[in-house]
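Each chain, written out:
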Amino acid sequence: MGKKLLLEKDHVPGIRSYEVYRKEGGYASVEKAIKSMTPEAIVEEVKKSGLRGRGGAGFPTGMKWSFLAKPPGVARYLVCNADESEPGTFKDRYLMERIPHLLIEGMITSSFALGANTSYIYIRGEYFYVARILEQAIEEAYKNGWLGKNILGSGYDLDLYVHVGAGAYICGEETALLESLEGKRGNPRIKPPFPAVAGLYGCPTVVNNVETIAAVVPIVNQGGDAYAAIGIGKSTGTKLISASGHINKPGVYEIEMGITVEDFIYSEEYCGGMKGGRKLKAVVAGGSSVPILPADLILKTANGEPRLMSYESLADGGFASGTMLGSGGFIVMDDSTSIVKNLWNFTRFYHHESCGQCSPCREGTGWMEKILHKILDGHGSMKDIDLLWDIQSKIEGKTICPLGDAAAWPVASAIRHFRKDFEEYVQNPSSIKDVHHYYRLNDLTEA
Amino acid sequence: MSSDKEIKFPEETLELVRRMMKRYPEGKQKSALIPVLHLAQAEFDGWLSPQVMDYVASLLNIQSIEVYEVASFYSMFNLKPVGKCTIEVCRTSSCWLMGAEDVIRHIEKKLNIKTGQTTADGMFTLKGVECLGSCGTAPMLQVGAEYHENLTLEKVDSLLDNLRKEDKRKCYTDHFDPQSN
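Residues numbered from 1 in each chain as written. Chains lettered and ligands numbered in written order. Predicted model: local features only at pLDDT ≥ 70, side-chain atom pairs only at ≥ 80, totals over all residues. Heavy atoms only, no water.

**A word on the overall build of chain B**
Next up, step 1: A tally of regular secondary structure across chain B gives seven helices and four strands.
Next up, step 2: Listing each helix as α and each strand as β along chain B from the N terminus yields α-α-α-α-β-α-α-β-β-β-α.
Next up, step 3: Computed over its C-alpha atoms, the radius of gyration of chain B comes to 18 Å, within 12% of the 16 Å expected for a compact globule of 181 residues.
Next up, step 4: Along the longest, intermediate and shortest principal axes, the C-alpha atoms of chain B span 50 × 35 × 30 Å.
Next up, step 5: The burial tally for chain B puts 58% of its 181 residues in the buried class.
Next up, step 6: Looking at chain B alone, contacts between residues at least 24 apart form 66% of all its contacts between residues at least 6 apart.
Next up, step 7: Here chain B has roughly 7,500 Å² of accessible surface; of this, 48% comes from carbon and sulfur atoms.
Next up, step 8: Each charge sign in chain B was given a centre, from 22 positive and 26 negative side chains, and these centres are 1 Å apart. (Helix = DSSP H or I, 4+ residues; strand = E, 2+ residues; numbered from the N terminus. Rg over C-alpha atoms; globule rule 2.2 N^0.38 Å. Buried < 20%, exposed > 50% of the residue type's maximum accessible area, 1.4 Å probe, protein only. Contact = heavy atoms within 4.5 Å. Areas by Shrake-Rupley, 256 points an atom, 1.4 Å probe, with all protein chains shown as cover. Lys, Arg positive; Asp, Glu negative; His and termini not counted. Charge placed at Lys NZ, Arg CZ, Asp CG, Glu CD.)

Below, the structure is given as structure tokens:
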């Protein structure tokens, strides 16, 4: 069994309640931080831990915190990104639902470290029932003196609120999230300025993912060095992986970084192997945005090394033969899966979710969806495959926010690794199974 | 259509709105817009008519256009009337891999509507939605605040039967009970 830092107690009966959580050692990090540490010392521990943003980008958290501007007399904000909408990702929901107080505790300790007196948890609207769980946990935390005025007699004040969104993938992008929190459309902002300088209401703001904030709790409790001792290289600590698709045991697993991908897919401790004993065809390792890899490249790098569950190993080989850890949304596909159809599904998603600000993304995602639809309809040509490649290359890197890249990478990687699947559909349309069994373009117009 | 109903929140909801507005700093009450729109949609028949949006604008002391542009951006807000229960089937990635199409086809057949449509009796609206973060329990669908996971066609049947028997409007804000601070 690997070491667990976040989900160690997730099966303790009643852990959702304050009493049980507290009895199991909860809120120790707040006591330690407020009573015996300076904010600077906490930031130092987070830096030492090597913790990297768990939402997908993997940016070092301690560094992000140290960028926070501190002009005198200006409010600073900590905003938790609980928008979790990267397809294939459901770890934050699991954590918030099971151990809501872990997130609340992390928010208090982190807010103290950053000098924020008002903090928000921005949660996607579809998770309304989870928002309810968080509201109850916050109410309990207030009642027990962990939130409000003069926490633990320290003179430190903190108010914490849940803010629900209303259904928009783009709001997982931190500046779109801030726009949404200000009561506007979720249009990402042009950077700079970064939120660390001008974020919520124009004030210095840190936006961190749920899992990142939760990880601050063990880091403060046990020290940054102890956290950094877990994992491998620059992939320190543990990571929550959301495993789904054609596996025997889908679910959320906390892994020590550095276990092999093969172990993760096939061992009983994790995914328990392929459903029905079928053959592995492909994996999307870090949420729908990261490059898809065929079985041979996900299990071993191009150099023949075993592929590990870590930022570095999954990225080994660059986009030519590697991928990204991303959000840890691990989608497994067996040999019955049509890669072209899957790509159409992803591309339709990005087209639907594009905010429409930048033309390469707004138009390009729609064009790609249409071309894939044409190929699946049996009317594709070889030129269409090249056209798809061409369009994605003109979206990548040419938009305000990373949604453009996120829409381009699945297309590029599917063509790179599975070009023959596309060619087969083009040359031999009768090989397309279930031709009328996928959604028509106009079939799913919004209600 | 709620034309014969006066567009005004009951006092209890108004109190909730005031509490929501207090969560944001002085002068930034527009931040409460999305939460208040959720309350409005729940109160006024599950959708946001222009009149309802104007009312929300007046509560937050902002222009109507500021409400329209937000309401039209987010997929959870309905700008047209919907049935009492909106069945939202996740159609993305893992749900698709695990049979979301079969679920959608089955519901379409059972309710005799296409995705995006409402049944003649006004009971159900069927919607295809993007990833709801329930990939490990796919396929799944959402009705109001409830997630229904690890679906089989039999489960879908009994869910629809129960909803019809219950005959109650389902909203995202059902059971929502925000902290009192």
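**Some points on the sheet that holds strand 11 (residues 329-334) of chain A**
Residue and element names in this part refer to chain A.
Next up, step 1: Spatially, the five strands line up as an open sheet ordered 8-7-11-9-10, and their pairing is mixed. Whereas interior strands pair on both sides, the edge strands pair on one side only; in this sheet they are strand 8 (251-256) and strand 10 (292-294). Adjacent strand axes in the sheet meet at a mean angle of 30°, parallel and antiparallel pairs treated alike.
Next up, step 2: Relative to strand 10, strand 9 (residues 280-284) runs antiparallel, the two being bridged by three bridges. Note on strand 10: the bridge partner recorded for Val-283 is Leu-293.
Next up, step 3: Across the face of the sheet, helix 5 (residues 91-98) comes into contact with strand 7 (238-245) and strand 8 while running at roughly 115° to strand 7. (Pairing = 2+ DSSP bridges. Axes fitted to C-alpha atoms, helices over the stretch in contact; angles between N-to-C directions.)

**Observations regarding the domain arrangement of chain B**
Residue and element names in this part refer to chain B.
Next up, step 1: Each assigned domain of chain B is listed with its residue range as follows: domain 1 (11-79) and domain 2 (85-173).
Next up, step 2: The C-alpha-based centres of domain 1 and domain 2 are spaced at 26 Å.
Next up, step 3: Taken together, the contacts link nine residues of domain 1 with five residues of domain 2.
Next up, step 4: Between domain 1 and domain 2 the total buried area reaches about 580 Å² when both faces are included, carbon and sulfur atoms providing 57% of it.
Next up, step 5: For domain 1, the biggest contributors to the area lost against domain 2 are Ala-42, Asp-45 and Met-76; these three give 55% of the whole.
Next up, step 6: Linking domain 1 with domain 2 are three residue pairs in polar contact (both at pLDDT 80 or more), by the criterion used here.
Next up, step 7: For the side of domain 1 that touches domain 2, the per-class residue count stands at three nonpolar, five polar and one charged. (Domains from an automatic or database assignment. Buried area = accessible area lost by both parts, 1.4 Å probe. Polar contact = N/O pair within 3.5 Å; in protein donor to acceptor, adjacent residues only side chain to side chain. Nonpolar A, V, L, I, M, F, W, Y, C, P; charged D, E, K, R; others polar.)

**Observations regarding the interface of chain A and chain B**
Next up, step 1: Contacts between chain A and chain B engage 69 residues on the former and 60 residues on the latter.
Next up, step 2: In this assembly, chain A packs against chain B so that about 5,500 Å² is buried in total across both faces, 56% of it on carbon and sulfur atoms.
Next up, step 3: One can count three salt bridges joining chain A with chain B.
Next up, step 4: The closest approach of N and O atoms between A:Glu135 and B:Arg23, which form a salt bridge, is 3.0 Å.
Next up, step 5: The tally of links from chain A across to chain B stands at 26 residue pairs in polar contact (both at pLDDT 80 or more).
Next up, step 6: Among the secondary structure elements, those contributing two or more residues to the side of chain A that touches chain B are helix 7 (128-143), strand 3 (159-164), helix 8 (174-181), strand 7, strand 11 and helix 15 (339-353) of chain A. (Salt bridge = Lys/Arg side-chain N within 4 Å of Asp/Glu carboxyl O.)

**Here's the deal with the confidence of the model for chain A**
Next up, step 1: Here chain A averages 95 in pLDDT, while 97% of its residues score no lower than 70.
Next up, step 2: Note that pLDDT drops below 50 for residues 440-447 of chain A; the model gives that stretch 26 contacts with residues more than four away or on any other chain. (pLDDT = per-residue confidence, 0-100.)

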